Amino acid sequence: MRVLYYISDCMIPFVILYLVCYGMIKKVDIFDEFIDGAKDGFMTVYKIMPTLIGLMVGVGILRESGAMEAFANLLKPVVSILHFPGELLPLFIVKMFSSSAATSLLLDVYKNYGTDSYLGTLASVLMSCSETIFYTMSVYFMTAKVTKTRFTLAGALVATFTGAVVAVFLVSL
């Protein structure tokens with residue numbers, strides 16, 4: 001097991017060294033390429049910043065207004081049929097919009113129920129088997145200027161709900 005730790009500790013320096021050596025062999029000005037890449041990265045951040053701010057504000061409003069809790073209470077009877085705990089419904093819904101907001105809800109679950117409890121374990125598995133659907137779609141589609149998304153949202157929602165069902169099943173074992 002120590003060998004794997006050693007390999008993982010050496011991986012990033014090895015990749016950097018490999019890229020530098022490869023660039024030197026190909027006679028590429030590595031520093032200029034790095035600067036160009038940094039400029040491109042900065043422009044990408046500049047382009048997606050309004051979308052990110054809008055998503056963060058929207059999730060913050062939903063969370064602080066109590067609308068998320070009201071929506072979760074409305075859906076509790078439906079999700080109880082699927083053996084999904086209603087306490088985790090806000091976490092599951094918020095995760096579709098913002099991973100950082102969902103992480104704060106996850107910490108609340110840990111505080112209230114404990115990390116090793118059924119709810120804590122299920123919340124951890126839910127966080128790792130789902131994606132920030134709306135954030136990812138808005139950022140990637142805006143950056144790539146995709147206008148026809150077809151079945152992307154439907155597929156992402158099906159995958160997320162399937163992940164939740166499997167998570168409940170696996171944690172219940």
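Data block above holds the structure.
A brief look at the structure comes next. Keep in mind it's a predicted model, so treat the numbers as computed, not measured.

Calculation criteria
Residues numbered from 1 in each chain as written. Predicted model: local features only at pLDDT ≥ 70, side-chain atom pairs only at ≥ 80, totals over all residues. Heavy atoms only, no water. Phe/Tyr/Trp six-rings, centres within 6.5 Å; stacked < 30°, edge-to-face > 60°. Helix = DSSP H or I, 4+ residues; strand = E, 2+ residues; numbered from the N terminus. Buried < 20%, exposed > 50% of the residue type's maximum accessible area, 1.4 Å probe, protein only. Lys, Arg positive; Asp, Glu negative; His and termini not counted. Salt bridge = Lys/Arg side-chain N within 4 Å of Asp/Glu carboxyl O. Polar contact = N/O pair within 3.5 Å; in protein donor to acceptor, adjacent residues only side chain to side chain. Contact = heavy atoms within 4.5 Å. Expected span 1.5 Å × (residues − 1). Bend = angle between axes of the 7 residues up to and from the residue.

1. Some words on the packing of aromatic side chains
Scanning all chains against the criterion turns up four aromatic pairs. Summarising the aromatic geometry, the rings of F97 and F134 are spaced 4.6 Å apart at their centres and angled 15 degrees between planes, so their arrangement reads as stacked. With F97 in the loop between helix 4 (89–95) and helix 5 (99–113) and F134 in helix 7 (residues 133–144), this residue pair connects regions lying 37 residues apart in the sequence. Under the relative-accessibility criterion, F97 is labelled partly exposed at 25%.

2. Thoughts on the side chain of K95
Along the chain, K95 falls in helix 4. One buried charged residue, K95, remains without a salt bridge, the closest side chain of opposite sign being E131 at 5.8 Å. Side-chain polar atoms of K95 contact the backbone oxygen of M127, separated by 3.4 Å. Ignoring any residue separated from it by four or fewer positions in sequence, one finds K95 in contact with A102, M127, S130, E131 and T132.

3. Things to note about helix 3 (residues 67–81)
For helix 3, spanning 15 residues, the distance from its first C-alpha to its last is 23 Å, which sits close to the expected 21 Å at 1.5 Å a residue. Of all the bends in helix 3, the greatest reaches close to 50 degrees and is centred on L75; the proline P77 follows between one and four positions later. Those residues of helix 3 not exposed but buried are M68, A72 and V79. The secondary structure elements touched by the buried residues of helix 3 are helix 2 (30–65) and helix 4.

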